[in-house]
Amino acid sequence: ASSRPLTTARDRTTVPSRLPRTRIMGCCGPKDDTPWSYEKMNKNRKCTDILFLIAYFAFMIGMVVVGILGFANGDPAALLFGTDYEGEMCSEDYPARYFPNPYELYTASQATHTYGFKDVKSMCLKDCPSPVGTDAEPLNWVCNYPDSKDGRGMADMTRAQWAAANYDYYDSLSDQLKTDSMNNLGPCYPVLLHTVNTYETCTFYGEQDSDAQVELNSLLIANGIVPTLEHNLGSFVEALSSFVSDQIAGPAAVMQRYIDDFSQGWVVCLVMGFLAPVLLSFVWMGVLRYFTGVFAYLIILMTNLGAIGVTLYLYVKAGVIGSDEITAYAGDSAAATAENYVDPSEDNQEVLLYCAYASTVFAALLLVFTLIMLKRVAIAVAVIKVATQAITAAPSVIFFPIAPVLAAFGFGAYWLAAAVYMYSSGEVELRECDMVDGLPPKKYCADPTDADNCHCGYESVLDENLQYMLLYHLFGLLWTTQFLQAITYLTLASVFATFYFGGGSYGNSLAGWINTPAIQSFRKMSWFHSGSAAFGSFLVALLQFIRIIVAYMVHQMKKAGKDNIFVKYAACVVQYCLWYLQKIIEWINRNTYIMIAIEGKSFCWSAWEAMSLIFNNILTVGAVNIIGDTLLFLGKFSVAAVAGLLAFLMLDSDTYTTGESKVSSPLLIVIFCVLFGFIIASLFMSTVEMAIDTTLLSFCKDCKIHGGKPKFAPPLLESVLGKAKSKNPFRGEKGAEGADSA
């Protein structure tokens, strides 16, 4: 026997900051083939999968360049407000977009041919025009730009003079142009309706101005023109207002009302959408810590009773068990119920009997399987308790996932802004629409043969290079979000592996809130294993990207009318297979990161080792996953439901139903609290889930290293395995005391 003194948990815990400074990125040094040990897990690490880290950094540099190009060339206002009839954006000097021919706008709302909102003639003004004229001039007009590209303007007038004249030079037109204007062919258009500037778009409201209407009718009759619906818009104001609002102001107005509700109920959002879920999540972790066994065995008991109950019910329906048998076991009331409500059908009795036989076999096998699994269920319960003990010993770890989530939100905000700017940086080109006689836009063309005068609207078109830039940008989003998740998994796995192999203790890692186990593990994992995180995240991002491309292709086929039954079926199968493959890769990655945290080896080797451990301990892994996933789902659901209920009760009080703090509807705030409650609970439970998975794989690795007899198992797990604590020479005094007290 060796005379070397035993190493304590305190001695064995070494933080990455103590590593030699000469190991730059851990990429140099001789190959290390020494057996695995606790010291090796913390000291002798080297960088893994460096090439993928270099590739990720290079990709991100390209993504920054693409974003800069988007910000330099794009204008998001083009996506929201569109362009005028010359394909130009409304500027700061002329911000208000006005539709001079309201009846054309109404026709677009009712169009059955290819013609829409973007094709309606519009122009940019300083302010929305008013139909209220003077006694001398009761009818106002809005005319084309004086320098209009189609030549139907006022060449000797500047834009400033045009704006100063309230956009009206009707009196200076020739007789022919006046006649065209009265027929809504331009260059001038009568102003009959009131408008208001809503999000830089002139929206119609109120009633038609009676004085302007009388003056226009007199002018039409005097020139031998019969007034039509186009000249009497009184019955269309509401439809016009709704159409413009739906296109521009509607979503913003609804959002404004919701924002007002949130401003009134912000206390409810804060308390019930954040504070309550955090508190409830801690409560549920306490339940897991002390009542996991009760829940686990209750689930097993209810499952077996359910199988037996279904079997008995099938025998009753098949007529094998009658009222006499039920009375003997359950009493008269149950027999009466069976007589009144169970009426076996002669035709179905044989089928039901075979179903009862099958159910009997299933219930018997389930019972036998349960008895066989009882030992593994006990191990599963102990694993979950050790996992919650690891979190209790370092409570700061529960908040660690918040940092990458905030980083993901920040990156997502940048990504969205850059994507919008890139999308809006396309070339403004003429849209394609139907040129039909008697229908707009051809109906309102003064010269249908003049391309400058008679055309559809404009839109931003993405060229091939811009499309590739957007795809590149999209993949960058997928890769980065998965990379952040991978670093989070690695960090948490390192924390909980340290706890397990420390014999149920963090040793000297508990150094306040600055040098916590989570921070130590983050430094270690991000320094040595970012390459492995880039590798695993690339695989998931690639599958997500392929799924998005396939979904887009299916959508395009539907638009083209090529989605026959075979195509729909094939697309459904392909999309499901890709989704399932993605879930498999995510599951493999998760366990791979745990093995990387334990052994510090490359992604591929760790993936192979993780799969080997799992399949060699499949029953134990299955028991832990079934019990753990069930309890974690109940936790998420309970936290979200309670948060929503408390939010509704709070909003139902007099404070928020009357007075200045009244909200228009509690629904959105309650939904907000439920969603955020579920998200926060998921963050907490994901930490617990990672603790469970890491503890399980650490236990399996411990068993493999030491011939099926784990030597590092914490006391909670050791007690289930029937091992005396004194037989574990790897646990320090502090670790044993801390575990015993737990």
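Here, residues in each chain are numbered from 1, in the same order as that chain's written sequence. pLDDT decides what is reported in this predicted model: residues at 70 or higher carry local features, side-chain atom pairs at 80 or more are listed and counted, and totals for whole chains, interfaces and linings draw on all residues regardless. Working from all heavy atoms in the structure, the side-chain values ignore hydrogens and water.

Observations concerning the overall build of the protein chain
- A run of DSSP states H or I qualifies as a helix once it reaches four residues; a run of E qualifies as a strand once it reaches two. Both are numbered from the N-terminal end. Looking only at helices and strands, the protein chain features 24 helices and eight strands.
- Buried means the residue's accessible area, taken with a 1.4 Å probe over protein chains only, is under 20% of the maximum for its type, while exposed means over 50%, and partly exposed covers the values in between. Burial analysis of the protein chain (742 residues in total) assigns 45% to the buried set.
- Of the roughly 37,100 Å² of accessible surface on the protein chain, a fraction of 63% belongs to carbon and sulfur atoms. Accessible surface is estimated by sampling points in the Shrake-Rupley manner with a 1.4 Å probe; for residues, cover comes only from the protein chains shown.

Quick notes on helix 8 (residues 210–222)
- Under the 1.5 Å per step criterion, the end-to-end length of helix 8 is 18 Å for 13 residues, consistent within 8% with the ideal 18 Å.
- All of the buried residues in helix 8 are Ala 212, Gln 213, Leu 216 and Leu 220. Taken around the axis of helix 8, the buried residues stretch over an arc of 100°, which confines them to a single face. Seen from the open side of helix 8, the exposed residues pointing more than 90 degrees away from its buried face are Asp 211, Val 214, Ile 221 and Ala 222.
- We call two residues in contact whenever any of their non-hydrogen atoms come within 4.5 Å of each other. Packing partners of the buried residues in helix 8 comprise strand 3 (140–143), helix 7 (175–182) and strand 4 (188–191).
- A positive phi of about 75° marks Gly 224, the residue just after helix 8. A helix is expected to reach a length of 1.5 Å times the quantity of its residues less one. By construction, the arc corresponds to the directions joining the helix axis to the C-beta atoms.

Considering the confidence of the model for the protein chain
- Averaged over the protein chain, the pLDDT score is 78; the fraction of residues at 70 or greater is 79%.
- Values of pLDDT, ranging from 0 to 100, describe the predictor's confidence in every residue of the model. Between residues 341–345, whose pLDDT stays under 50, and residues either more than four places distant or in other chains, the model counts seven contacts.
- Scored below 50 in pLDDT, residues 723–742 makes 41 contacts in the model with residues more than four places away or belonging to other chains.

Concerning the packing of aromatic side chains
- Only Phe, Tyr and Trp rings take part, Trp by its six-membered ring, and two of them pair if their centres are within 6.5 Å. Stacked means planes under 30 degrees apart, edge-to-face means over 60, and tilted covers everything else. A full pass over the atoms with the stated rule returns 36 aromatic pairs.
- With centroids separated by 6.4 Å and ring planes inclined at 50°, the aromatic side chains of Phe 52 and Phe 538 adopt a geometry described as tilted. On the criterion of sequence distance, the pair formed by Phe 52 in helix 3 (residues 50–73) and Phe 538 in helix 17 (residues 530–559) is long-range, its members being 486 residues apart.
- Owing to a relative accessible area of 25%, Phe 538 belongs among the partly exposed residues under this scheme.
- Counting as a charge over the ring demands two things of the Lys NZ or Arg CZ atom: a distance within 6 Å of the ring centre and an angle within 35 degrees of the ring normal. In this structure, Arg 159 packs its charged tip against the face of Tyr 145, placed 3.8 Å from the ring centre.
- The ring of Trp 605 has Lys 601 sitting right over it, with the charged end atom 4.1 Å from the ring centre.

Regarding the pattern of salt bridges
- Every case where a carboxyl oxygen of Asp or Glu lies within 4 Å of a side-chain nitrogen of Lys or Arg is listed as a salt bridge. The final tally for this structure, using the stated rule, is nine salt bridges.
- Note that Glu 586 and Lys 583 form a salt bridge whose closest N and O atoms lie 3.6 Å from each other. Within this pair, Glu 586 and its partner Lys 583 are both found in helix 18 (residues 565–599), separated by three residues, close to a single helical turn.
- Asp 693 is the partner of Arg 590 in a salt bridge, and the nearest nitrogen-oxygen pair spans 2.8 Å. In this pair, Arg 590 sits in helix 18 while Asp 693 sits in helix 22 (residues 667–705), placing the two residues 103 residues apart along the sequence. An identical accessibility class is assigned to Arg 590 and Asp 693; each is buried.

Remarks on the state of the cysteines
- Working definition: a disulfide is two cysteine sulfur atoms within 2.5 Å of each other. Enumeration over the complete set of coordinates arrives at four disulfides.
- The disulfide partner of Cys 128 is Cys 202, and the gap between their sulfur atoms is 2.1 Å. Between Cys 128 and Cys 202 the disulfide shows an S-S torsion of about -100°. By sign, it is left-handed. Linking Cys 128 in the loop between strand 2 (123–125) and strand 3 with Cys 202 in strand 6 (residues 201–205), this pair joins segments that are 74 residues apart in sequence.
- Residue Cys 202 is classed as buried on the basis of its relative accessible area, which comes to 0%.
- Disulfide pairing is shown between Cys 445 and Cys 454; the S-S distance is 2.1 Å.

Description of the side chain of Asn 304
- By the element assignment, Asn 304 lies in helix 10 (residues 266–317).
- Contact partners of Asn 304, with chain neighbours within four places excluded, come to Leu 366, Leu 367 and Thr 370.

Observations regarding the nonpolar core
- For our purposes a nonpolar core is just a set of buried Ala, Val, Leu, Ile, Met, Phe, Trp, Tyr and Cys residues, chained together by side-chain atoms within 4.5 Å. Ile 391, Phe 496, Ile 692 and Leu 717 are the most contacted members of the largest nonpolar core, which totals 88 residues.
- Sort the elements by how many residues they give to this core and helix 15 (residues 464–501) lands first, with 18 residues.
- Those residues in contact with Phe 496 that sit more than four places away from it in its chain are Ala 390, Ile 391, Val 397, Tyr 506, Thr 687, Met 690, Ala 691 and Thr 694.
- By size, the runner-up hydrophobic cluster in this structure holds 41 residues, among which are Tyr 85, Tyr 94, Phe 204 and Tyr 444.

Details of the pairing of strand 6
- Taking burial as the measure, the five residues of strand 6 include four buried ones, the bulk of the element.
- Two strands qualify as a pair provided DSSP detects at least 2 bridges between them. Across five bridges, strand 5 (residues 194–198) lies against strand 6 in antiparallel orientation. In the sheet register, Thr 198 faces strand 6, and the bridge partner there is Thr 201.

Observations regarding the packing of helix 10 against helix 13 (residues 349–393)
- As a packed pair, helix 10 and helix 13 sit with axes 9 Å apart at the nearest point and diverge in direction by 180°. Taken together, the axes of helix 10 and helix 13 are roughly antiparallel relative to one another. Convention adopted: a line fitted to C-alpha atoms gives each axis, helices being fitted over their contacting stretch, and angles between N-to-C directions are expressed from 0 to 180 degrees. Angles are sorted into four bins: roughly parallel if under 35 degrees, roughly antiparallel if over 145, roughly perpendicular if 65 to 115, and oblique for all others.

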